[in-house]
Amino acid sequence: MRIRWWRATVVTAIAALALVYLAGLARLGEAEAEQVHAVPVLAADPGTELAAMRTAAPVTGDDPAAALDAALADPAAAAALVAAVPTADSGELGAALAALHEAGGGLDPVAVHDFFTGLGEERTAWLAVLYPSVVGEMPGAPFAAREAANRLVLEATTAASATYDSPERPWTDESERPPREELQRLIGSGREFLYLDPYDNAGDGSWIEVVGDLEAAANVAVLVPGGSAVLSSENFDLYYQRAKSFVDAADGELAVVVWADASWPSGWVEESWASWSQVAAETLASFTSDLRNQLGAGVPITLAGHSYGGAVIGYAETYDLEADRVLHIASAGMGNDVYSPADYTEPCRARYSITAPGDPISYVQGMPYVPLLGHGADPDEFPGVRNLATGSLSDAPDAVDDYGVSLHDLGIAGKTVEGVHSHSEIFYPESDAWNNILKVLDDEEPELADEQPEANPDCP
């Protein structure tokens, strides 16, 4: 019996969708299976054990800062440190670190931070040098220690990317392999990472980056990127530049954390499936608890998400979340199966949304509920949300887009923010939309759009 080509195509498409759906169920199942592990408590002072760890390390220094500098200057030492894994053989401290490492993300970040606080700042700084791959990715570890550890991770993985991870072959004996470009550019750049895994997302990488000074900032924002947020994508640098434009404009009053610590979808098909955002949302909610704990109660936190990132922050609100306000930027939705403020743990949290007329994201906003498909209610019509005005692009002589290209050269200076390109134009510096986003991030009163959704009658 002959099978017509169109029948084969339909069967193949249905089978592919079924596989994606099953993969989504498996992804959610893995996330739900993860349990919070207890954080070890040290019974004895770890000073002697830490001294032995320092003696055995491939780098020396009178203090952790000197040892870090020495390791960064010695690729072999950096590689050895990043490869080091703590074990119970060294004693109680090694066993505790091994237990924390094996727990992965299944840790209460507040309890982990208390563990390191008990060790003290200097000992924690030493552990960041001695076991960077452990400290650099551990939720709850002090941010300064994680940043230092990830400098070593960056150095070692960049060097490793220039080698052949396979048995020697005649064609590799004398050939040179260039390091990964996106990693090489970061060496010496001064960019700071609370998490950096170049091997996640099937080798494309994931990250958490701090832009600005977290300790000095009066306001802090967490910005969740749209689709294809991986190190190998241009979005890696693009969202850094977008965050930096807000930080620079706030003159030290604002710090932005670009958060992409999850498996990330790419393309409209993958981004339409809810399982990616649901798994990422739980990790994000945990990170906001870590952030609040380390910042303290007095620093306002804004959680912002662009495009697919809006679906992540929306679903994150179904968990216990630490954020004073939430901002949906051309957002895909309020989270899968979220259609009412009552679906959130805090129905009356301040929420904002900004979507320009004609943005193609509007075609997927507010889709009816289908299990594991779509991202819930339309943010621009969600009760209690305040819609921001999008206005026009800047017509100043030095106006640029978010790549730094002159708007006058592009022929769009002063144009209304609307249409297909508005999905990115809302980030163009000094535009009305960009200014309104900045005001929300900086805890100021933005200009609202003419059309607003109904108020939430259950909130003051």
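The shown structure was predicted, so the numbers you read here are calculated from the model rather than taken from an experiment. (Residues numbered from 1 in each chain as written. Predicted model: local features only at pLDDT ≥ 70, side-chain atom pairs only at ≥ 80, totals over all residues. Heavy atoms only, no water.)

Engineer: Lay out the nonpolar core with the relevant residues and their values.
Structural biologist: Within the largest apolar cluster, 84 residues are counted, with the highest numbers of intra-cluster contacts made by Trp259 and Leu327. Sort the elements by how many residues they give to this core and helix 14 (residues 274–295) lands first, with 8 residues. In contact with Leu327, not counting residues within four places along its chain, are Thr302, Leu303, Ala304, Gly305, Ile313, Tyr352, Ser353, Ile354, Leu388, Ile437, Val440 and Leu441. Residues Val39, Val82, Leu107 and Val129 belong to the second largest nonpolar core, which totals 38 residues. (Core = buried A, V, L, I, M, F, W, Y, C linked by side-chain atoms within 4.5 Å. Buried < 20%, exposed > 50% of the residue type's maximum accessible area, 1.4 Å probe, protein only. Helix = DSSP H or I, 4+ residues; strand = E, 2+ residues; numbered from the N terminus. Contact = heavy atoms within 4.5 Å.)

Engineer: Residues and numbers for the environment of Leu373, please.
Structural biologist: Topologically, Leu373 is positioned in the loop between strand 7 (350–354) and strand 8 (386–387). The exposure class assigned to Leu373 is partly exposed, which follows from its relative accessible area of 26%. In this structure, the C-alpha to C-alpha distance between Leu373 and Glu270, residues 103 residues apart in sequence, is 9.9 Å. Apart from residues no more than four positions distant in its own chain, Leu373 is found in contact with Ser272, Trp273, Ala274 and Asn336.

Engineer: Pulling in residues and values, what's your account of the packing of helix 2 (residues 47–56) against helix 7 (residues 121–130)?
Structural biologist: Interhelical geometry of helix 2 versus helix 7 gives an angle of 35° and a closest axis separation of 11 Å. Considering the relative orientation of helix 2 and helix 7, their crossing is left-handed. Where helix 2 abuts helix 7, its residues Gly47, Leu50, Met53 and Arg54 lie against Arg123, Trp126, Leu127 and Leu130. A class-by-class count of the residues in the contact of helix 2 with helix 7 yields 5 nonpolar, 1 polar and 2 charged. (Axes fitted to C-alpha atoms, helices over the stretch in contact; angles between N-to-C directions. Left-handed = near helix turned anticlockwise from the far one by under 90°. Nonpolar A, V, L, I, M, F, W, Y, C, P; charged D, E, K, R; others polar.)

Engineer: Tell me about the packing of aromatic side chains, and name the residues and values.
Structural biologist: Applying the stated criterion across every chain yields a total of 11 aromatic pairs. Seen from their ring centres, Phe246 and Trp434 are 5.4 Å apart, and the 15° between their planes marks the pair as stacked. Residue Phe246 is located in helix 12 (residues 235–249), and its partner Trp434 is located in helix 18 (residues 432–441); the two are separated by 188 residues in the primary sequence. Take Phe246: its relative accessible area is 2%, and that puts it in the buried class. (Phe/Tyr/Trp six-rings, centres within 6.5 Å; stacked < 30°, edge-to-face > 60°.)

Engineer: Quick rundown of unusual backbone geometry? Include the residues and the values.
Structural biologist: One non-glycine residue, Ser307, lies in the positive phi region at around 60°. The phi dihedral of Ala330 falls on the positive side, at around 45°, and the residue is not glycine. The residue Ala330 is located in the loop between strand 6 (325–329) and strand 7 in this model. Accessibility expressed as a relative area gives 0% for Ala330, which makes it buried.

Engineer: Let's hear about helix 12: which residues, and what values?
Structural biologist: Helix length check: helix 12, at 15 residues, gives a terminal C-alpha distance of 21 Å against a target of 21 Å (1.5 Å per residue), a fit within 8%. Burial in helix 12 covers these residues: Asn235, Phe236, Leu238, Tyr239, Tyr240, Arg242, Ala243, Ser245, Phe246 and Val247. Looking one or two residues past helix 12, Asp251 carries a phi angle of roughly 55°, positive in sign. (Expected span 1.5 Å × (residues − 1).)

Engineer: I'd like a description of the pattern of salt bridges, backed by residues and values.
Structural biologist: Within the structure shown, the criterion is met by 17 salt bridges. Arg180 is the salt-bridge partner of Glu182, the closest N and O atoms lying 2.8 Å from each other. When the shortest N-O distance is used, the salt bridge between Arg325 and Asp443 registers 2.7 Å. Taken together, the positions of Arg325 in strand 6 and Asp443 in the segment after helix 18 put the pair 118 residues apart, joining distant regions of the chain. On the accessibility criterion, Asp443 (42% relative accessible area) is partly exposed. Look at the salt bridges and you will find they share partners, linking Glu181, Arg185, Arg191, Glu209 and Asp237 into a network. (Salt bridge = Lys/Arg side-chain N within 4 Å of Asp/Glu carboxyl O.)

Engineer: Account for the pairing of strand 5 (residues 301–306), naming residues and giving values.
Structural biologist: With 6 of 6 residues buried, strand 5 lies mostly within the body of the structure. Taking every second residue as pointing to the same face, both faces of strand 5 are buried, with Ile301, Leu303 and Gly305 on one and Thr302, Ala304 and His306 on the other. Here 5 bridges tie strand 3 (residues 219–224) to strand 5, and the two strands are oriented parallel to one another. Bridging from a neighbouring strand, Leu223 pairs with Ala304 of strand 5. As paired strands, strand 5 and strand 6 are joined by 5 bridges and run parallel to one another. Looking at strand 6, one finds that Gly305 is bridged to His328. Read from strand 5 through helix 15 (residues 308–316) to strand 6, the crossover connection turns out right-handed. (Pairing = 2+ DSSP bridges. Right-handed = clockwise from strand over helix to strand, strands pointing away.)

Engineer: Tell me what's going on with the side chain of Gln365, and back it up with residues and numbers.
Structural biologist: Relative to the helices and strands, Gln365 is located in the loop between strand 7 and strand 8. The buried category is assigned to Gln365, whose relative accessible area is 9%. Looking at Gln365, its side chain comes within polar contact range of the main-chain oxygen of Ser331, at 2.7 Å. (Polar contact = N/O pair within 3.5 Å; in protein donor to acceptor, adjacent residues only side chain to side chain.)

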